Amino acid sequence: MTVRYLNFKQLCEKLGGRSRSSIYRDLEHERLPQPVKLGGRLYWVEEDVDAWLRK
């Protein structure tokens, strides 16, 4: 199984165009899955985001 990572722009699109500040606020309050840091950039595991959206 291949893990697909979303960058910040892809995450915003998947969440319906949410703003950067609202996403960071949700991360702070643990309302979104935590990102993975790869090469100094943040990425989200798409499967984790999809599972969160299904809740």
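See above for the structure.
I will try to describe carefully the structure that is included in this document.

Cut-offs and rules
- Residues numbered from 1 in each chain as written.
- Predicted model: local features only at pLDDT ≥ 70, side-chain atom pairs only at ≥ 80, totals over all residues.
- Heavy atoms only, no water.
- Helix = DSSP H or I, 4+ residues; strand = E, 2+ residues; numbered from the N terminus.
- Rg over C-alpha atoms; globule rule 2.2 N^0.38 Å.
- Buried < 20%, exposed > 50% of the residue type's maximum accessible area, 1.4 Å probe, protein only.
- Contact = heavy atoms within 4.5 Å.
- Areas by Shrake-Rupley, 256 points an atom, 1.4 Å probe, with all protein chains shown as cover.
- Lys, Arg positive; Asp, Glu negative; His and termini not counted.
- Charge placed at Lys NZ, Arg CZ, Asp CG, Glu CD.
- Salt bridge = Lys/Arg side-chain N within 4 Å of Asp/Glu carboxyl O.

### Observations concerning the overall build of the protein chain
Across its full length, the protein chain carries 3 helices and 3 strands. Going from N to C terminus, the protein chain has its helices and strands arranged as β-α-α-β-β-α. For 55 residues, the compact-globule formula gives about 10 Å, and the C-alpha radius of gyration of the protein chain, at 11 Å, lands near that figure. With the C-alpha coordinates of the protein chain rotated into their principal frame, the extents come out at 30 × 30 × 20 Å. Counting all 55 residues of the protein chain, 27% fall into the buried class. Restricting to contacts in the protein chain with at least 6 residues of sequence separation, those with at least 24 account for 46%. Only carbon and sulfur atoms are counted for the fraction: they give 48% of the accessible area of the protein chain, which is about 4100 Å². Computed over 11 positive and 8 negative side-chain charges, the separation of the two mean positions in the protein chain equals 5 Å.

### Quick look at the environment of glutamate 47
Positionally, glutamate 47 belongs in helix 3 (residues 46-54). You can call glutamate 47 partly exposed: its relative accessible area is 49%. Sequence separation of glutamate 47 and leucine 6 is 41 residues, and the distance between their C-alpha atoms is 9.8 Å.

### Section: the pattern of salt bridges
The final tally for this structure, using the stated rule, is 5 salt bridges. In this structure, arginine 18 and aspartate 26 form a salt bridge, with 2.5 Å as the shortest nitrogen-oxygen distance. Exposure remark for arginine 18: the relative accessible area of 28% places this residue in the partly exposed category. In this structure aspartate 26 comes out as buried when scored by relative accessible area, which is 7%. A single network of salt bridges, built from pairs that share partners, joins Arg4, Lys14, Glu46 and Asp50.

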